[in-house]
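Each chain is listed here by its residues.
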Amino acid sequence: MIARPGGEPTSDAASSEPSLAAIARDLAFRLEVIRQLGWIVPLGKGAPLSERAEDAAGGTAADPVRDSERDADLDADLDAELDRRRELLDVIAREVAGCVACPLCESRTRTVFGVGDPSARLMFIGEAPGFDEDRLGEPFVGKAGQLLDRMIAAMGLRREQVYIANVVKCRPPQNRAPEAREAVACLPYLRRQIDIVRPEVICLLGNTPLRAVLGSSEGITRARGRVIEWQDTPVVPTFHPAYLLRNTADKRLAWEDLQTVMRLLGLEVPGPG
Ligand code: URA
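Attention here is on the structure that accompanies the text.

### Observations concerning the nonpolar core
At step 1: Leu122, Phe124, Ile125 and Leu190 are the most contacted members of the largest nonpolar core, which has 58 residues in total.
At step 2: Looking at which element gives the most residues to this core, the answer is helix H7 (residues 180-197), with 8 residues.
At step 3: Ignoring any residue separated from it by four or fewer positions in sequence, one finds Ile125 in contact with Ala165, Asn166, Val167, Leu190, Ile194, Ile202, Cys203, Leu204, Leu205, Pro209 and Val213.

### Quick look at a negative patch on the surface
At step 1: A contiguous patch of negative charge on the surface is contributed by Asp63, Glu69, Asp73 and Asp77.
At step 2: Relative to the elements of secondary structure, Asp73 occurs in helix H3 (residues 64-97).

### Some thoughts on the site of the ligand
At step 1: The local shell around the ligand consists of Gly126, Glu127, Ala128, Glu133, Pro139, Phe140, Asn166 and His240.
At step 2: His240 places a side-chain nitrogen or oxygen 2.8 Å from an oxygen atom of the ligand.
At step 3: Here the ligand is seated within the largest pocket.
At step 4: Among the residues making up the shell around the ligand, the classes are represented as 3 nonpolar, 3 polar and 2 charged.

### A look at the packing of aromatic side chains
The geometry of an aromatic ring pair is captured by two quantities: the separation of the ring centres and the angle between the planes.
At step 1: Using the criterion set out here, one finds 1 aromatic pair in the structure.
At step 2: Consider the rings of Phe239 and Tyr243, whose centres lie 4.8 Å apart with planes at 25 degrees: the pair is stacked.

### Comments concerning the pattern of salt bridges
At step 1: Per the counting criterion, the structure on display carries 16 salt bridges.
At step 2: Residue Arg159 is joined to Asp149 by a salt bridge in which the shortest nitrogen-to-oxygen separation is 3.0 Å. With Arg159 in the loop between helix H6 (143-154) and strand S3 (163-166) and Asp149 in helix H6, the pair connects residues that are 10 residues apart, well separated along the chain.
At step 3: Relative accessible area serves as the criterion here: at 16%, Arg159 is assigned to the buried category.
At step 4: With a relative accessible area of 30%, Asp149 lands in the partly exposed category.
At step 5: Of the charged contacts, one joins Arg176 and Glu182 as a salt bridge, the two residues approaching to 2.8 Å between their closest N and O atoms.
At step 6: Glu182 gets classed as buried once you look at its relative accessible area, which sits at 1%.

### With respect to the environment of Arg121
At step 1: Relative to the helices and strands, Arg121 is located in the loop between strand S1 (114-116) and strand S2 (122-126).
At step 2: Residue class for Arg121 comes out buried when judged on its relative accessible area of 10%.
At step 3: For the pair Arg121 and Leu265, spaced 144 residues apart in the sequence, the C-alpha separation amounts to 7.6 Å.
At step 4: At 2.9 Å, the side chain of Arg121 and the backbone oxygen of Leu265 are in polar contact.

About the criteria used
Residues numbered from 1 in each chain as written. Predicted model: local features only at pLDDT ≥ 70, side-chain atom pairs only at ≥ 80, totals over all residues. Heavy atoms only, no water. Core = buried A, V, L, I, M, F, W, Y, C linked by side-chain atoms within 4.5 Å. Buried < 20%, exposed > 50% of the residue type's maximum accessible area, 1.4 Å probe, protein only. Helix = DSSP H or I, 4+ residues; strand = E, 2+ residues; numbered from the N terminus. Contact = heavy atoms within 4.5 Å. Patch = residues over 30% accessible without salt bridge, like charges linked within 9 Å, V, L, I, M, F, W, Y side chains within 5 Å. Areas by Shrake-Rupley, 256 points an atom, 1.4 Å probe, with all protein chains shown as cover. Salt bridge = Lys/Arg side-chain N within 4 Å of Asp/Glu carboxyl O. Lys, Arg positive; Asp, Glu negative; His and termini not counted. Charge placed at Lys NZ, Arg CZ, Asp CG, Glu CD. Near = heavy atom within 4 Å. Polar contact = N/O pair within 3.5 Å; in protein donor to acceptor, adjacent residues only side chain to side chain. 1 Å grid on protein atoms, 1.4 Å probe; cavity = no way out; pocket = protein on both sides within 12 Å on 5 of 7 lines; lining within 4 Å. Sits in = over half its atoms within 2 Å of the grid points. Nonpolar A, V, L, I, M, F, W, Y, C, P; charged D, E, K, R; others polar. Phe/Tyr/Trp six-rings, centres within 6.5 Å; stacked < 30°, edge-to-face > 60°.

Read these as geometric descriptors, not functional statements.
Below is the structure:
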């Protein structure tokens, strides 16, 4: 929950108009809602769109009419930017649907492109689709996906607020780990997804994305517990949910990693107890 500071805009005692302080508080609240819902859209890393709009207008205005006009402009900018990203992702998804770059195309039922908010602040990257994903065309919808959903919920987020993709977009037979040549063939699609979503933080789930994205030769057990700077983006490697289903004792370590992600995003981390 986002607490509304100071309640609804209040009126000056002597007038029916809301006070400037109340308007400023209300505006700050609404910007915080936008921020916490993942709607901060850094157009080119740096200032959130909300701040850019304020800068462009020459600082915080005290004019309520201008404020509401600026709010409407901001909403329109955000919608347009979301549409633009959605369209760009759709173009790649269509390419992926027709991809024959590696032999996995022969055995797939459906390609599994990615899902979530095209301007998400957080992106999870997994390995490859499994049985359920191959049938439904969506990443992380089987048992491992249910655990990932719970991990996301534990962070105070919803699945729709993050972006979820895999290194490999087609199911490897018998759910085996993707071979290096399959990951290499598929990686350009993931790179383009990352470029479009431009997440503030990337969380890698297991060995396959660790190796494919970072080129790491370490295993996940050694690599996790750290923040790795990759192309100006902090990357947090952690265990794959499927591994955590088999090794429940390591959920504690995964939770530590998720708390690191939360800190990087400025989300409130629950205290002990
Ligand atoms: N495991 C993955 O790595 N990705 C999925 O989409 C499902 C299971």
